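Examination of the molecular architecture
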Amino acid sequence: MERSIRLLACLVCVLPMGSFVRTRRDTTGNLLNTEVHSAPTQRWSMQVPAEVSAAAGGAAVLPCTFTHPHRHYDGPLTAIWRAGEPYAGPQVFRCAAARGSELCQTALNLHGRFRLLGNPRRNDLSLRLERLALADDGRYFCRVEFAGDVHDRYESRHGVRLRVTAAPRIVNISVLPGPAHAFRALCTAEGEPPPTLTWSGPALGNLSTAARGLGQHHGHQVTAELPALAHDGRYTCTAINSLGHAEASVYLFRFHSASRTPAIALLLGALGLKVLLLLGVLAACTTRRRLEDPVTQDTPPRPQAQESNYENLGQMSPRSPPATTCSPRGAPQPRAPTCVP
């Protein structure tokens, strides 16, 4: 009886151990298969900075590097840069490299201001943008495409923000007619950061009237308005930001009269005076020309000297005998030929 109990206990101990060993072997076998058939640890990714800042008129470099899941790729590839938004934004640069070549031949270069600095074969798509303008401010997205046997492509979703800075510049300043025969002044300036506008003028002092809602363009333009100009004189608009300042002036002169009729008469009188002066100058010039030119119309033309008969006789045709003067016989004619019938 005791032997039966001991044998049963040994069987109970052996069965769990066998189950444990089998489970361990199956687990190890699954791990090995996973390592053999799993994808490489490197995946698609894009590394770009959050923001790049540069001054207008200069150049900026937009860095972009990437990783891909292929250990070695030597097939055709294309490097692309977009502006505005990913996947759908307009392309500003594109180049293509043939199989086995490290030269990426440019196929698109907007306005000729973009140049590839990186080497796509070495996972570098960095781009250089020259002759910066405030309109270039925005977000840019890099993209790489593999072709051939492998059709992989990847594009940065967030991109890199290009911030273009610029000192203020007065774009337009003018005086326009307003209601009730009044006048108003407008001043528009651009810069980054957006400038603050200040008006100064007669009996005005310094009045800050910045209004960014008017004439705004990419957030860089600011317009300030003086709604009513009460005094004649010079009005100056000054634009200021952290990079500098700019100013421009406009003048206002009005006719001060009780009604419109005297003002119109004064204007017509000034215009008539100018016309009279112009006519006088023209008359003086005409008189001076007549005095300087010789008088030739009143003098009768000289008669031209007629040719001598003797000269004509020598030029006559031989068919016509020369004419002679005949006189009757017996009449004395000194030194003249005598004709005998």
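Residues numbered from 1 in each chain as written. Predicted model: local features only at pLDDT ≥ 70, side-chain atom pairs only at ≥ 80, totals over all residues. Heavy atoms only, no water.

The subject of this paragraph is the packing of aromatic side chains. All told, the structure shown has five aromatic pairs when counted by the stated rule. Each ring, one from Trp-44 and one from Tyr-154, has its centre 5.8 Å from the other, and the planes form 5°; the classification is stacked. With Trp-44 in the loop between helix H1 (2–37) and strand S1 (45–47) and Tyr-154 in strand S11 (residues 153–155), the pair connects residues that are 110 residues apart, well separated along the chain. For Tyr-154, a relative accessible area of 27% puts it in the partly exposed group. Considering the side-chain rings of Tyr-73 and Phe-146, the 4.0 Å spacing of their centres and the 15° angle between planes classify their relative orientation as stacked. Taken together, the positions of Tyr-73 in the loop between strand S4 (65–67) and strand S5 (77–83) and Phe-146 in strand S10 (residues 138–146) put the pair 73 residues apart, joining distant regions of the chain. For Tyr-73, a relative accessible area of 18% gives the class buried. (Phe/Tyr/Trp six-rings, centres within 6.5 Å; stacked < 30°, edge-to-face > 60°. Helix = DSSP H or I, 4+ residues; strand = E, 2+ residues; numbered from the N terminus. Buried < 20%, exposed > 50% of the residue type's maximum accessible area, 1.4 Å probe, protein only.)

On to the nonpolar core. Membership of the largest hydrophobic core comes to 33 residues, with the highest contact counts inside it found for Trp-81, Phe-93, Leu-125, Tyr-140 and Leu-162. Where this core is concerned, the elements lending two or more residues are strand S2 (51–55), strand S3 (60–62), S5, strand S6 (91–97), strand S8 (114–116), strand S9 (127–129), S10 and strand S12 (160–177). Excluding residues that lie within four positions of it along the chain, Phe-93 makes contacts with Ala-79, Ile-80, Trp-81, Thr-106, Leu-108, Phe-114, Leu-116 and Leu-127. In this structure, Ala-189, Trp-199, Leu-226 and Tyr-235 belong to the second largest nonpolar core, which totals 17 residues. (Core = buried A, V, L, I, M, F, W, Y, C linked by side-chain atoms within 4.5 Å. Contact = heavy atoms within 4.5 Å.)

Bringing the confidence of the model for the protein into the picture now. Summing up the model confidence of the protein, the mean pLDDT is 75 and the portion of residues at 70 or higher is 66%. When the criterion is pLDDT under 50, residues 210–217 qualifies, and its contacts beyond four places in sequence or with other chains add up to 17 contacts. Note on residues 304–341: pLDDT under 50 across the span, and seven contacts to partners over four residues away in sequence or across chains. (pLDDT = per-residue confidence, 0-100.)

Let us look at a nonpolar patch on the surface. Together, Leu-268, Leu-271, Val-275, Leu-276, Leu-278, Leu-279 and Leu-282 give the surface a local cluster of nonpolar side chains, amounting to about 700 Å² of exposed area. Note that Val-275 resides in helix H2 (residues 260–292). Exposure remark for Val-275: the relative accessible area of 42% places this residue in the partly exposed category. (Patch = residues over 30% accessible without salt bridge, like charges linked within 9 Å, V, L, I, M, F, W, Y side chains within 5 Å. Areas by Shrake-Rupley, 256 points an atom, 1.4 Å probe, with all protein chains shown as cover. Salt bridge = Lys/Arg side-chain N within 4 Å of Asp/Glu carboxyl O.)

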